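Overview (structure and organization)
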Amino acid sequence: MVVEERMGQAASVESPDCLLCGSSSARTLFIARDRLLGRPGEFPVVRCTSCGLVFLRPRPSPSALGSFYPDTYYPLDQQPSREAFAVAEGLLARITEWRRGQRLETPSILDIGCGTGLFLHLAHEAGLRVRGIELSESAVAYARANYGLDVHHGTLENADLPEESFDIITMWHVLEHLPSPVEALRRVARLLRPGGLLLLGVPNIGSIEARIFGRRWFSLDAPRHLSHFTPRTLAAALIAAGLIPRRIIHSPGTAGLVYSVMGDLTGVMLKARGRPLSDSTYHRAANVLHCIARPLCAGAARIGQGGALEAYAIKPKVR
Ligand SMILES: [Zn+2]
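As the structure is a prediction and not an experimental result, all values here were calculated from the model.

**Some details on the overall build of the chain**
Looking only at helices and strands, the chain features 10 helices and 13 strands. In terms of overall dimensions, the chain is globule-like: its C-alpha atoms have a radius of gyration of 19 Å, near the 20 Å expected for 319 residues. Dimensions of the chain, computed from C-alpha atoms along their principal axes, come out at roughly 60 × 45 × 40 Å. Counting only residues that meet the buried cut, the chain has 40% of its 319 residues in that class. Counting contacts in the chain only where the partners sit at least 6 residues apart, residues at least 24 apart contribute 74% of the total.

**Details of the packing of helix 3 (residues 82–100) against helix 4 (residues 118–125)**
Two elements in contact, helix 3 and helix 4, have axes separated by 9 Å at closest approach and are oriented at 45 degrees. Our classification of the angle between helix 3 and helix 4 gives oblique. Handedness of the crossing formed by helix 3 with helix 4: right-handed. Along its contact with helix 3, which presents Ala84, Ala88, Glu89, Leu91, Leu92 and Ile95, the element helix 4 presents Leu118, Phe119, Leu122 and Ala123. Here the contact of helix 3 with helix 4 is built from residues that sort into 9 nonpolar, no polar and 1 charged.

**With respect to the nonpolar core**
Judged by nonpolar contacts, the single largest core of 80 residues is most densely connected at Ile169, Leu185 and Leu198. Apart from residues no more than four positions distant in its own chain, Leu198 is found in contact with Ile169, Val188, Leu192, Leu243 and Ala313.

**Some points on the environment of Phe213**
Of note, Phe213 is situated in helix 7 (residues 208–213). By C-beta crowding, Phe213 is classed as partly exposed, having 19 other C-beta atoms within 10 Å. In this structure, the C-alpha to C-alpha distance between Phe213 and Ser260, residues 47 residues apart in sequence, is 7.2 Å.

**Some details on the pairing of strand 7 (residues 129–134)**
The element strand 7 is extensively covered by neighbouring structure, given that 5 of its 6 residues are classed as buried. With 5 bridges joining them, strand 6 (residues 108–112) and strand 7 adopt parallel strand pairing. Paired with Leu110 across the bridge in strand 7 is Arg131. In the classification by handedness, the crossover that spans strand 6, the intervening helix 4 and the parallel strand 7 is right-handed. Pairing of strand 7 with strand 8 (residues 151–153) involves 3 bridges; the strand directions are parallel. Bridging from a neighbouring strand, Glu134 pairs with His153 of strand 8.

**Section: the sheet that holds strand 9 (residues 166–172)**
Strand order in this open sheet of 7 strands is 8-7-6-9-10-13-12, and the pairing throughout is mixed. Every other strand in the sheet has two partners, leaving strand 8 and strand 12 (244–251) as the edge strands with one partner each. The average angle at which neighbouring strand axes cross in this sheet is 15 degrees, direction not considered. Across 3 bridges, the pairing between strand 6 and strand 9 is parallel. From the neighbouring strand, Leu110 faces strand 9, where its bridge partner is Ile169.

**Here's the deal with the packing of helix 9 (residues 254–273) against helix 10 (residues 279–302)**
Look at helix 9 against helix 10: their axes get within 9 Å of each other, and the N-to-C directions meet at 135 degrees. Considered as vectors, helix 9 and helix 10 are oriented oblique to each other. Viewed along their axes, helix 9 and helix 10 form a crossing whose handedness is right-handed. Contacts between helix 9 and helix 10 pair Thr254, Leu257, Val258, Val261, Met262 and Leu265 from the former with Ala285, Ala286, Leu289, His290, Ala293, Arg294 and Cys297 from the latter. In terms of residue class, the contact of helix 9 with helix 10 is built from 10 nonpolar, 2 polar and 1 charged.

**Some details on the sheet that holds strand 11 (residues 227–228)**
If you trace the 4 strands from one edge of the open sheet to the other, you get 2-3-4-11, paired in antiparallel fashion. Of all strands in the sheet, those bounded by a partner on one side alone are strand 2 (26–32) and strand 11.

Rules of the game
- Residues numbered from 1 in each chain as written.
- Predicted model: local features only at pLDDT ≥ 70, side-chain atom pairs only at ≥ 80, totals over all residues.
- Helix = DSSP H or I, 4+ residues; strand = E, 2+ residues; numbered from the N terminus.
- Rg over C-alpha atoms; globule rule 2.2 N^0.38 Å.
- Buried ≥ 20, exposed ≤ 12 C-beta atoms within 10 Å, placed from the backbone.
- Contact = placed C-beta atoms within 7 Å.
- Axes fitted to C-alpha atoms, helices over the stretch in contact; angles between N-to-C directions.
- Parallel < 35°, antiparallel > 145°, perpendicular 65-115°, else oblique.
- Left-handed = near helix turned anticlockwise from the far one by under 90°.
- Nonpolar A, V, L, I, M, F, W, Y, C, P; charged D, E, K, R; others polar.
- Core = buried A, V, L, I, M, F, W, Y, C linked by C-beta atoms within 7 Å.
- Pairing = 2+ DSSP bridges.
- Right-handed = clockwise from strand over helix to strand, strands pointing away.

Written out as structure tokens, the structure is:
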């Protein structure tokens, strides 16, 4: 079967060299599928034999990737969920902690992949000057209309932003979506003022949960996640972009475990009963699983096996 057919109808594909070190040599780990949306296609996940980066190859070309992001990717017509609030408040708490050691009156922050803008809204209320970048047109419209935010609709590459103008840049679970992650981090480094902070989060392909679930790991999110990092490859990517990784810490990434199990459960029930779980049963089961998974994932993070990673990187003051 030709690659184009395996990736779904009429999807144009590309076969990049390693996104971190440029090596052409990589070993296939497994073939992933779109478990989130159930779109057709098979997506080989490979590991670079030179630097260890895990990435999709071949993968849909940038023009074909848009069809894997439906407009319903963000819930737009309701109040932000409790989960969304927890994520945004957690991110703001990290920024507040970092600010304590700085002498910044009203720091400027850029959130790349800001979605519907809840985090930037909270950051603005906390006294920061805020800007955002977001690819989803409907999410941008929501962020502007509901929060009055200054959001660029488009990509990091085509955003017209002044260099060395931001004290803080956040990329919360965005890097793994980008076709050229090191190039994107270089652009981030140019936008940060010397001494400025990049705070980013990514799934951790080196975690226990990633190894247990393999191609069924929820956070693989093929084909939307194009690359996958471990603490080592994440540090290497930051250094390659001219940033100094100060801390890379493990975070629980509880949702990754919960929805990996829910994916398996849905598959089992579908086979056994011929129909999926009802919405209410699905949500009840997911809530129960969250309660069980929370302490497990917190424990995994404490022993350096968290389902997600957070990196704090600084732009050097003297280049
Ligand atoms: Zn490599």
